[in-house]
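Here's the letter readout for the chains.
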Amino acid sequence: MKQPFAKTTCPYCGVGCGVVAPRGAARGARISGDISHPVNAGRLCSKGSLLGETTGLEGRLLHPMKKGARVGWDEALDEIAAKFTDIVDAHGPDAVAFYVSGQLLTEDYYVANKLMKGFIGSGNIDTNSRLCMSSAVAAHKRAFGEDVVPGCYEDFEEADLIVLVGSNTAWCHPILYQRLLAAKTKRNARLVVIDPRRTATCDDADLHLPIAPGTDLALFNALFCELAARGVTDPDYVANHTEGLDEALSAAREGHGSISAAAEACGLDARDMETFIRWFAETERTVTAFSQGVNQSKTGVDQVNAIVNCHLLTGRIGRPGMGPFSITGQPNAMGGREVGGLANQLAAHLDFSEEGCATLSRFWQTDRVATSPGLKAVDLFDAVATGRVKALWIMATNPVVSLPNAEFVRRALRTCDFVVLSDCIANTDTAACADILLPAAAWGEKDGTVTNSERRISRQRAFMAPPGEAKPDWWIVGEVARRMGFADTFPYRGPADIFREHARLSGFENDGARCFDISALAHLSDAEYEALAPVQWPVDTRGGTSRLFGNGLFPTPSGRARFVASVPPVPAKRHGAFPLVLNSGRLRDQWHTMARTGLSPTLASNAPEPAAEIHEADARAAGIEDGGFMRIVTAYGSGIFRTSVTAAQQRGSLFVPIHWSSATSAMSGAGRMVHPETDPVSGQPAFKHTPARAEPVMPHWRAFFLSRHEITSPSCGYWVVRRLEGGWLYELAGLTTADAPPDIDTLVQLPDAEVERVEMRDTARGVLRQARVRDGCLADCLMLTRTGELPSRDWLVGLLALEALDENVRGALLTGHPVEGEGGEGRIVCACMGIRSGAILAAIADGECDVASIGACTGAGTNCGSCRSEIRGLIERTRTEEAA
Ligand SMILES: Nc1nc2c(c(=O)[nH]1)N[C@H]1C(S)=C(S)[C@@H](COP(=O)(O)OP(=O)(O)OC[C@H]3O[C@@H](n4cnc5c(=O)[nH]c(N)nc54)[C@H](O)[C@@H]3O)O[C@H]1N2
Ligand SMILES: Nc1nc2c(c(=O)[nH]1)N[C@H]1C(S)=C(S)[C@@H](COP(=O)(O)OP(=O)(O)OC[C@H]3O[C@@H](n4cnc5c(=O)[nH]c(N)nc54)[C@H](O)[C@@H]3O)O[C@H]1N2
Ligand code: SF4
Ligand SMILES: [Mo]
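Quick caveat: nothing in here was measured; it's all calculated off a predicted structure. (Residues numbered from 1 in each chain as written. Chains lettered and ligands numbered in written order. Predicted model: local features only at pLDDT ≥ 70, side-chain atom pairs only at ≥ 80, totals over all residues. Heavy atoms only, no water.)

Asker: Which parts of the structure should I look at to understand the sheet that holds strand E7 (residues 125-127)?
Answerer: Sheet strands pair via backbone hydrogen bonds, and the direction of the pair is either parallel or antiparallel. The sheet built from 7 strands is open, its strands ordered E5-E4-E16-E15-E14-E6-E7 with mixed pairing. Edge strands, defined here as strands with exactly one partner in the open sheet, are strand E5 (69-70) and E7. Here 2 bridges tie strand E4 (residues 65-66) to E5, and the two strands are oriented antiparallel to one another. Along E5, the bridge assignment pairs Met65 with Arg70. In the packing of helix H3 (residues 106-120) onto the sheet, the strands contacted are strand E6 (96-100), E7 and strand E14 (391-395), and the crossing angle to E6 comes to about 160°. Against the sheet, helix H17 (residues 377-386) contacts E6, E7 and E14, and its axis sits at roughly 140° relative to E6. (Pairing = 2+ DSSP bridges. Helix = DSSP H or I, 4+ residues; strand = E, 2+ residues; numbered from the N terminus. Contact = heavy atoms within 4.5 Å. Axes fitted to C-alpha atoms, helices over the stretch in contact; angles between N-to-C directions.)

Asker: In this structure, what is going on with the nonpolar core? I would like to understand it.
Answerer: Burial of nonpolar side chains together is a common tendency in soluble globular proteins. Among the nonpolar cores identified, the biggest contains 191 residues, and Phe84, Phe98, Ile194, Leu219, Phe220, Phe276 and Trp393 are the most heavily contacted of them. Ranked by residues supplied to this core, first place goes to helix H8 (residues 216-229) with 10 residues. With residues near it in sequence (within four places) discarded, Phe98 still touches Phe84, Ala112, Leu115, Met116, Ile120, Asn124, Ile125, Asp126, Leu380, Leu392, Trp393 and Met395. Core analysis: the second largest hydrophobic core is formed by 27 residues, Tyr99, Leu380, Cys416 and Ala434 among them. (Core = buried A, V, L, I, M, F, W, Y, C linked by side-chain atoms within 4.5 Å. Buried < 20%, exposed > 50% of the residue type's maximum accessible area, 1.4 Å probe, protein only.)

Asker: I tried to follow the packing of helix H28 (residues 837-845) against helix H30 (residues 868-883) on my own but got confused; where do I start?
Answerer: When two helices pack together, their arrangement is given by the angle between the helix axes and by the axis-to-axis distance. Close contact between H28 and H30 brings their axes to 10 Å; oriented N to C, the two are set at 50°. It follows from the interaxial angle that H28 and H30 lie oblique. Crossing hand, H28 versus H30: right-handed. Every residue of H30 that contacts H28 at Ser837, Ile840, Leu841 and Ile844 is listed here: Ile871, Leu874, Ile875 and Thr878. A breakdown of the residues in the contact of H28 with H30 according to their chemical character gives 6 nonpolar, 2 polar and no charged. (Parallel < 35°, antiparallel > 145°, perpendicular 65-115°, else oblique. Left-handed = near helix turned anticlockwise from the far one by under 90°. Nonpolar A, V, L, I, M, F, W, Y, C, P; charged D, E, K, R; others polar.)

Asker: Help me understand the site of ligand 2 in this model?
Answerer: Taken together, 30 residues form the shell around ligand 2, and within it Gln103, Ser402, Asp423, Asp473 and Thr593 come nearest. Note that an oxygen atom of ligand 2 is positioned 2.7 Å from one of the side-chain N or O atoms of Gln103. The fraction of the free accessible surface of ligand 2 (920 Å²) that becomes covered by protein chains is 97%. Per-class residue counts for the shell around ligand 2 are 13 nonpolar, 12 polar and 5 charged. (Near = heavy atom within 4 Å. Polar contact = N/O pair within 3.5 Å; in protein donor to acceptor, adjacent residues only side chain to side chain. Areas by Shrake-Rupley, 256 points an atom, 1.4 Å probe, with all protein chains shown as cover.)

Asker: For this particular structure, what's the right way to read the site of ligand 1?
Answerer: Looking at ligand 1, there are 35 residues lining it, with Asp195, Gly214, Ser291, Arg586 and Gln590 nearest. One of the side-chain nitrogen or oxygen atoms of Lys688 is found 2.8 Å away from an oxygen atom of ligand 1. Taking 910 Å² as the accessible area of ligand 1 by itself, protein coverage stands at 99%. Within the residue set of the shell around ligand 1, elements represented by two or more residues are helix H6 (169-172), helix H13 (292-295) and strand E21 (580-585). Each residue belonging to the shell around ligand 1 can be placed in one class, and the counts come to 11 nonpolar, 17 polar and 7 charged.

Asker: Would you mind going over the environment of Gly826 with me for this structure?
Answerer: By the secondary structure assignment, Gly826 is in the loop between helix H27 (807-815) and strand E33 (828-830). With 221 residues separating them along the chain, Gly826 and Ser605 place their C-alpha atoms 9.5 Å apart. With near-sequence residues (within four places) excluded, Gly826 lies in contact with Asp794, Arg836, Ser837 and Gly838.

By themselves, these observations are geometric and do not establish any function.
What follows is the structure, encoded as structure tokens:
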């Protein structure tokens, strides 16, 4: 019998926390942490805690659609099968492609990869993990012979030094970060953060190295040389288990003179650099964990290898509390790599070697296995643009937003003969370019497995029925395979069948050659698969494996790990027209293009508008003001953002969040400005380092529109929308004289007979305040100004919840000021507990003076802890204000 609760896995980050969800409850039911899950032991971060706010049906794609009209599944699937077959017949298998995602489940992914590489016969299936993990994958293969993360999360708790490189762990992997912090305090371990920005992760760091963008290779090569020079090596380990040290050292030495020269190259203080080297040298138990600041770089692969080199030299790998550790991004980034989702690898960690292809042909009983790698993401979309790829099927990703040079990607898709998109929601930027939309079952509606950063395979389990005609991805792909004539080899009745085949393949003709082996799970019954407990691969009859390579044996031909030589490139001259470096990344409470997190009013309120961050000196030089608007221009495109002038940003750098798209803003997508330059080995885009410039933008008017109705794209140069409890909030600005100031009736038409209007128009001062009241409640309001301040959004948002507006409030709508005693409560600081800045400021005013006591009296910061740095900021700000 099914339990009333389903244990499943969070669909967001690669930490892979276990969650518990009620079965059969109404959509929107609260989701909690799974106490029995080894990753999180019941804890969840803000995004995980608020999953319940994102499981409604708003925006869902419920039926197959063809060019905007509803069609039946049969018609859609037949057409896809026929189109792909015709194009392959006429132009060969490489004229078609799949572009998939680390948000698919392993079973979905396995079937998609099998169809493309095993039966259509092309290598052209690539994944958004190309944008995310491919540099780490390539470096693992170079160093270890296979894409393997040697360590586990416990290593973060057992280390005496943790080095976080290019990782904003506090925001992007909050539960792993909380585990690390708790243990750090207990062990008195040190934390070093290497990031050009001062992020929330730096708050607890013993040392922050604000490295110059793109210079991590120089830093780690310097560390490598210094460790060797100071005799901090493990000669036995190096002699018995590695190869290539001499070449690697001499290459590193070529680029390394002294500490002070290296510090200068990295833009660091030489004393800080020396401290870092000393701490690394003296601490046996060191974990170096890295993420997109390292991977998303033109030297991403070399950088990862430079980190690995330091661990091999000191023999600090595969033992408790030490090792290089690639933190994965998406919930199934790792699972996708296991099934060969990247264009340059085959399933089950097999390569495109003659034996690899032959093994796969025997296993799948096919003579069509692709014999050479397919196109990597950026090249794939280039091939779409030139017409080499004529049909493309995109699953579970939004490339028109997330690829570099995003407007080019949009145009490429528009010119493509045939674009299919499988997604859960209807209105994405990519959906607007697709010929056929297929409704996919979403998280909570589908079954399968995901693998987290520490190689832990966890089940995702359904606890709701898919809405409308939505279907799981494995089913959709299998149906197309069947219609393309491959019914016999795609006979799956459910994800358990697929998982068993995948597990069997991992052990097929393996004989210990590949670490990825879960063949011990190949014989699970359906019931055992249903009950599968989280387990780390490789799995044998005794169970999972938490650490690899402790025995010094590596899956290379010689059995030895490889040092990899690299010389840092000469830094590119900053171009006159583009003197700044544009960095981009994540915010605490949003997930990628906001398909899910954007639905949660609580999550949306922490960072309501996309702000571009800039250092004060750069802002001053460009005439840009804090809180105003700026245009960021690159050689590929431009974007418009609200400005945040902050000391967290280093001089010469800009930072923008990646979450906004054309569905949620006019021009605040990051991808439209990002250059399409990639690492030459991995093909991973250098998202963090686009040459750019920033210019002030002086709006002719600014406004916001608060409404119970969603509107289609407002017609002005700047707009951004965010979801509220019971409505939407649109920030608007007119950037040119062509942007006429809106009037409430041009935004939404409401029947005159039903509404009562409140209006204040001061043409001389350029102020307009309009509100409409329907059934006694606020229906909507528009607040506009040419030069002055706008009223408090939080106050007006609060009015949406009122069941009746009295005369005082109506009057206040006209003045734009809340009536006495009815101020706004501020924005959400602690998303988990729903605590706003107002409550925290009140506690500070009452004399609470540290994060812990504020937590004790308000609850803020007591769950996942990722808002503690913000609370600390409020305390500090209050103190500074009091002192002034
Ligand atoms: N809240 C939230 N969490 C997420 C996600 C999300 O969308 N939202 N997405 C998930 C996914 S898919 C991923 S890939 C991960 C990403 O997780 P992270 O990699 O931690 O996140 P990012 O913000 O992309 O970038 C990390 C940091 O790299 C820094 N950086 C930029 N250039 C350099 C450089 O040259 N050197 C160094 N050392 N650092 C640099 C940036 O300033 C940034 O602070 O997060 C996962 N978790
Ligand atoms: N400028 C800049 N760009 C970046 C990055 C950066 O740091 N800077 N980071 C890059 C990285 S690391 C990543 S991972 C990407 C992420 O970028 P994307 O993958 O484009 O982002 P998402 O919004 O997660 O898109 C996932 C889509 O899949 C849908 N979906 C969710 N679950 C399912 C499912 O089960 N089945 C199907 N069929 N669809 C589903 C969602 O509705 C959503 O539309 O962005 C990359 N782009
Ligand atoms: S850390 Fe947060 S987003 Fe990541 S898996 Fe855990 S609950 Fe989900
Ligand atoms: Mo990612």
